[in-house]
Every structure is written in C-alpha cells, then in structure tokens.
Amino acid sequence: LGGLGASALLCVAIVAPLFSIPAWQLLVSICLSCLLAVLGVRALGQTDLEPVSALGKLSQIAFAVLAPGHLVTNLVAGAIAEAGAMQAGDLMQDLKAGHLLGASPRAQFYAQLIGSSASVLVTVAAFNMYTSAYGCAGEAGWECEQFQAPVAHVWKDMAV
C-alpha cells in the first residue's frame, strides 16, 4: 500500500498543476481507478479480454457528475482509470506467466521496475523521432494530418 500511496501522491503532484485540476478530483479519480482495475482484472481473468476502454468511459460518466463541463478533467479521469486497469491486467498476466514458468516474484518485480524505467526514455525518444519524421509538431500544436486518431473523437464526445 505504501507504493500505491506514493504513486497517488506523485500523480497528484504532477497532474494537478499540469492540467489545473483540483487535487481532490484526482484523488477521487485514483480511488475510482483502483475499483475499476479490480473489475478489469476479474474480467480479464475469466474471459481473457479486459474492457479497459469501457472502464475509462465509466470514469468519464462519474466525472460528468463530479465536474460537469470540465472537458480536461473528464478526459484525465478517464485516462487514469483506463491506464490503471490496463496496468493491473498486464501485471496480473505477467505474474501468472512467471508463476507457471517457475520464475521468482522478486525477479519479476525487478524486471518490471527496470522495464518501466527504461520505457520512459525509449518512448520519449520514439515520440520525438515520430514527430520530426512526419512533421507533426507544428506552430499550432500537436497535429498530424497523415495520422488521424478516430478513438480520440469517442473520448472527446464522451467528455462533452
């Protein structure tokens, strides 16, 4: 629980000033994310499909009531719920596979920690290469005509 608390505080410390969202709303979003992650992991364990997009939408519906008219808050709350459920499901599958192969949970933990830390650097570098290769970073913002994101319209429509 200490790691979860530290992660929650770090999330609030970074996301609240970045998106101008009240800290209490982020804490509610994180708590809701934990509950939705349990639903996602249960569904994944029984069906091998995790409904992460639907779980994100449930969080958006909750924040339509808690923060009506706040588009960014709604999107961030949905993203936190979806990311939490996805990470919980991925970790469950990794630990189960490791258990079946006889791997040590401690070794798996360290492997996850190393991979997560390295992924921060790799994804930033990949994003910078992508935007420079396709000219997606323009003066008006992060737009890229060649690559549309149709799912983004669903998220935006749900937030509005």
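Above: the structure in question.
Residues numbered from 1 in each chain as written. Predicted model: local features only at pLDDT ≥ 70, side-chain atom pairs only at ≥ 80, totals over all residues. Heavy atoms only, no water.

**Q** Would you explain the side chain of Gln60 in this entry?
**A** Along the polypeptide, Gln60 turns up in helix 3 (residues 52-66). On the basis of relative accessibility, which here comes to 1%, the residue Gln60 falls in the buried class. Contacts of Gln60, omitting those with residues within four sequence positions, involve Asn74, Leu75, Gly78, Trp155, Met158 and Ala159. (Helix = DSSP H or I, 4+ residues; strand = E, 2+ residues; numbered from the N terminus. Buried < 20%, exposed > 50% of the residue type's maximum accessible area, 1.4 Å probe, protein only. Contact = heavy atoms within 4.5 Å.)

**Q** In this structure, what is going on with the nonpolar core? I would like to understand it.
**A** Most often, soluble globular proteins keep nonpolar side chains buried together rather than apart. Within the largest apolar cluster, ten residues are counted, these being Ala8, Cys11, Val12, Val15, Ala16, Ile21, Leu26, Ile30, Val76 and Ile80. Counting only elements with at least two residues in this core, the list comes to helix 1 (2-19), helix 2 (23-47) and helix 4 (71-101). It is helix 1 that provides the largest number of residues to this core, a total of five residues. Among residues more than four places away in sequence, those in contact with Cys11 are Ala16, Ile30 and Ile80. With five residues, the next largest nonpolar core counts Val52, Leu55, Ala81 and Ala85 among its residues. (Core = buried A, V, L, I, M, F, W, Y, C linked by side-chain atoms within 4.5 Å.)

**Q** How should I be thinking about unusual backbone geometry in this particular structure?
**A** Leaving glycine aside, a negative phi is the common case for residues, and trans is the common case for peptide bonds. The phi dihedral of Ser20 falls on the positive side, at around 55°, and the residue is not glycine. Tracing the chain through its elements places Ser20 in the loop between helix 1 and helix 2. In this structure, Asp48 is a non-glycine residue whose phi angle is positive, near 65°. Tracing the backbone shows Asp48 in the loop between helix 2 and helix 3. With relative accessibility at 55%, the residue Asp48 sits in the exposed group.

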